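# Descriptive analysis of the structure
Below are the chains, spelled out letter by letter.
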Amino acid sequence: MRNQYLLLWLMSLIVLSVCPAQAATVVIYIDTGSSTTNPAWNNLNLSSSNAATALHRVSGMDTGIKAAVVTRLNSINGNGTTNFTGDAAEFAPIEGNSSYGNTNTWGSGIYPEGEMELRELDPAKAYSFTFFGSRMFSGDNRDTLYTVTGSNAGSNTLNCAENMSNVASVTNIYPTA
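Residues numbered from 1 in each chain as written. Predicted model: local features only at pLDDT ≥ 70, side-chain atom pairs only at ≥ 80, totals over all residues. Heavy atoms only, no water.

### A word on the overall build of the protein
Heads up, the condition is: Only DSSP runs of H or I with at least four residues qualify as helices, and only runs of E with at least two residues qualify as strands; both kinds are numbered from the N terminus onward. Working definition: with a 1.4 Å probe on protein chains only, accessible area under 20% of the residue-type maximum means buried, over 50% means exposed, and in between means partly exposed. To measure how exposed things are, a 1.4 Å probe is used in the Shrake-Rupley method; for residues, cover is taken only from the protein chains shown.
The helix and strand inventory of the protein stands at zero helices and 15 strands. The 177 residues of the protein split such that 47% are buried. Carbon together with sulfur atoms contributes 50% to the accessible area of the protein, which is approximately 7900 Å² in total.

### Thoughts on the pairing of strand β13 (residues 143-149)
Rules: A pair of strands counts as paired when DSSP detects no fewer than two bridges linking them.
Direction of pairing for β13 relative to strand β14 (residues 153-159): antiparallel, over a ladder of seven bridges. The residue bridging Tyr 146 from the neighbouring strand is Asn 156, located in β14. What sits between β13 and β14 in their antiparallel hairpin is a turn of three residues.

### Examining the nonpolar core
This is how it is decided: In plain words, nonpolar cores are sets of buried Ala, Val, Leu, Ile, Met, Phe, Trp, Tyr and Cys residues tied together by side-chain atoms within 4.5 Å. Any two residues whose heavy atoms approach within 4.5 Å are treated as being in contact.
Within the largest apolar cluster, 24 residues are counted, with the highest numbers of intra-cluster contacts made by Leu 44, Leu 55, Met 116, Leu 118, Phe 129 and Phe 131. Among the secondary structure elements, those contributing two or more residues to this core are β3 (28-31), β6 (62-71), β11 (114-119), β12 (127-132), β13 and β15 (168-173). Apart from residues no more than four positions distant in its own chain, Leu 44 is found in contact with Ile 30, Asp 31, Thr 32, Ala 51, Ala 52, Thr 53, Ala 67, Ala 68, Val 69 and Met 116. Among the nonpolar cores identified, the runner-up in size contains eight residues, and Tyr 29, Ala 40, Ala 88 and Ile 94 belong to it.

### A short note on the packing of aromatic side chains
Selection criterion: Pairing of aromatic rings covers Phe, Tyr and Trp, the last counted by its six-membered ring, and requires centre-to-centre distances within 6.5 Å; plane angles under 30 degrees mean stacked, over 60 mean edge-to-face, and any other angle means tilted.
Summed over all chains, the structure comprises seven aromatic pairs. Judged by centre distance (4.5 Å) and plane angle (25°), the rings of Tyr 29 and Trp 41 are stacked. One end of the pair, Tyr 29, is in strand β3; the other, Trp 41, is in strand β4 (residues 41-43), and twelve residues separate them in sequence. The burial state of Tyr 29 is the same as that of Trp 41; both residues are buried. Measuring from centroid to centroid gives 4.5 Å for Phe 131 and Tyr 146, while their planes differ by 15°, and the two rings are stacked. Residue Phe 131 is found in strand β12, and its partner Tyr 146 is found in strand β13; the two are separated by 15 residues along the sequence. Here Phe 131 falls in the buried class, since its relative accessible area comes to 0%. Clustering of aromatic rings is evident, with ring pairs tying together Tyr 29, Trp 41, Phe 84, Phe 91 and Phe 132.

### Here we look at the confidence of the model for the protein
To keep it simple, the criterion reads: pLDDT expresses how confident the predictor is about each individual residue, on a scale running from 0 to 100.
On average, residues of the protein score 83 in pLDDT, and 85% of them reach the 70 mark or higher. Averaged over each element, pLDDT in the protein is lowest for strand β1 (residues 5-10) (42) and highest for β14 (96). Below pLDDT 50 for its whole length, residues 1-17 participates in 112 contacts with residues either more than four positions away or in separate chains.

### Looking at the side chain of Ser 47
Of note, Ser 47 is situated in the loop between β4 and β5 (52-56). We classify Ser 47 as buried; its relative accessible area is 14%. For Ser 47, the residues in contact, after removing those within four places along its chain, are Arg 72, Leu 73, Asn 74, Ser 75, Ile 76 and Ser 99.

What follows is the structure, encoded as structure tokens:
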């Protein structure tokens, strides 16, 4: 059986939810920072090369979808918000950790973008993605481009600096067959 997949090009700090855009909505939360203690969330550390996980629904039921790090980010930190408001309120159960990338030498090198791959998606269904990123106490612009690529593509930008309420959505993406 061929694997269906979507590529996610990610920079900086992210948490995402994935849900099919048709029929019944299935919500899948992925924390890309350090390990989450919330059982409704999946964890995939984007700063860990070759990390992979099988994704489960909020209910804990297996989805059959696999997520894997293709290109790692630099590291993780605990400088994200813990006070979620507005459109980001659904992310409130998660801790304030985050994965981050960098365009100048920092720590162990330069990691301008990260990439995650989702496998075993239904190519007949469109999927929608909601991204949240936060970097508190930064005082600068932390624009982050989220790109989702399958048989079609979409992207959206989010300024993660001091962000507690804004999200970036990319909708109606079909996996590659």
